[in-house]
Amino acid sequence: MSVAVDTLSAEAVDRHVRGRFGKPCLYEPECESTQLLLLGSELPEGAVAVTDHQTGGRGRLGRRWEEPAGTSLLLSVVLHPPPERHLPELTLVGALAAAEAVEGATELTAQVKWPNDVMLNRRKVAGVLADLRDSTVVLGIGINVNQTRDQLPLGGPTEPGSLRTITGRTHDRAALAGSLLFRLERIYDGWRHGGLVDLYPEVGARDFLRGRRITVDGEPATALQILRDGRLELETDAGVRRVIESGDVRHER
Ligand code: BTN
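Visitor: What is the right way to look at the pattern of salt bridges in this model?
Guide: Once the charged atoms of two side chains with opposite charge are near each other, the side chains can pair. Applying the stated criterion to the full structure yields 21 salt bridges. Across the pair R192 and E45 runs a salt bridge, and its minimum N-O distance is 3.6 Å. With a gap of 147 residues between them, R192 in helix α5 (residues 173-205) and E45 in the loop between α2 (34-38) and β2 (48-51) connect regions that are remote in the sequence. Among the residues examined, E45 registers a relative accessible area of 18% and is labelled buried. As a salt-bridge pair, R183 and E100 come within 3.9 Å of each other at their nearest N and O atoms. With a gap of 83 residues between them, R183 in helix α5 and E100 in helix α3 (residues 89-106) connect regions that are remote in the sequence.

Visitor: Quick question: what am I supposed to make of α5 here?
Guide: Since one α-helical turn is 3.6 residues long, residues separated by three or four positions face the same way. Taking 1.5 Å as the rise per residue, α5 with 33 residues should run 48 Å; its terminal C-alpha atoms sit only 26 Å apart, a clear shortfall. Considering bend angle alone, the principal kink of α5 is centred on G194 and spans about 120°. Of the residues flanking the start of α5, the one acting as N-cap is D172, its side-chain oxygen 3.0 Å from the backbone nitrogen of A174.

Visitor: Quick question: what am I supposed to make of the sheet that holds strand β3 (residues 72-79) here?
Guide: As a general point, the strands of a sheet are linked pairwise by backbone hydrogen bonds and lie either parallel or antiparallel. On the basis of which strands lie adjacent, the open sheet formed by seven strands has the order β1-β2-β3-β7-β6-β5-β4 and mixed pairing. Strands at the two margins of the open sheet, each flanked by one partner only, are β1 (25-28) and β4 (110-113). If you compare each strand with its neighbour and ignore which way they point, the axes differ by 20° on average. In terms of strand pairing, β2 meets β3 through four bridges, oriented antiparallel. When the bridges of β3 are listed, A49 appears paired with S76. Here α5 sits on the sheet in contact with β2, β3 and β7 (136-144), set at roughly 30° to β3.

The rules behind each value
Residues numbered from 1 in each chain as written. Predicted model: local features only at pLDDT ≥ 70, side-chain atom pairs only at ≥ 80, totals over all residues. Heavy atoms only, no water. Salt bridge = Lys/Arg side-chain N within 4 Å of Asp/Glu carboxyl O. Helix = DSSP H or I, 4+ residues; strand = E, 2+ residues; numbered from the N terminus. Buried < 20%, exposed > 50% of the residue type's maximum accessible area, 1.4 Å probe, protein only. Expected span 1.5 Å × (residues − 1). Bend = angle between axes of the 7 residues up to and from the residue. Polar contact = N/O pair within 3.5 Å; in protein donor to acceptor, adjacent residues only side chain to side chain. Pairing = 2+ DSSP bridges. Axes fitted to C-alpha atoms, helices over the stretch in contact; angles between N-to-C directions. Contact = heavy atoms within 4.5 Å.

Structure representation (structure tokens):
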């Protein structure tokens, strides 16, 4: 009897690749970070690196991104965006694609927590990291897929969840990779063509922070909305309206 092995090998992911994103697909059973497999390479747009385990997975603001081997979707994509586009918007492009892929797998509504998190049932299930070098962006996406509750990291600013802890069942990571790459390609092409403004209806509808109590770099505030240019509008408790492009934003649980 053959037993299906859940792996993100290039062959497994290839079976689910439907467009130009995912070609070529580089697979390492283990690596420090999929970002590092692509940074500085001269690969074409849409080239992807996947792994079953990162020993030095990187999150935003210098944080670590940790997972037990074989539980997560860990993927990075090479992008060559046109110079007229505003590159910080790519984090939202990745988050929107990840939210759609999570929705496709779970049939639940996923939200985007500005600037780079995907939330399901008020828990963070995915994060996006964009690294820029020489006009090439390496967009990294990590989705918590099959971790059990006790395998999720403790002590982060946002309570984590996995698709498994939320839906009560395991999910096929290679199929999820194919779905993510297909959606990312469509959303990225829309962004290349028209910028974030064209994607705003989908982003705005999934705005997790809208109306929530937050702190921004420690200062208490209320989040108002993600703006059409990708920045976050908020009002501080001192009554000052601010628009921010980056920062450590935490919400009340
Ligand atoms: C965050 O939420 O802070 C961003 C997390 C990004 C994690 C992904 S996993 C694939 C890629 N490789 C990394 O080292 N980081 C990104």
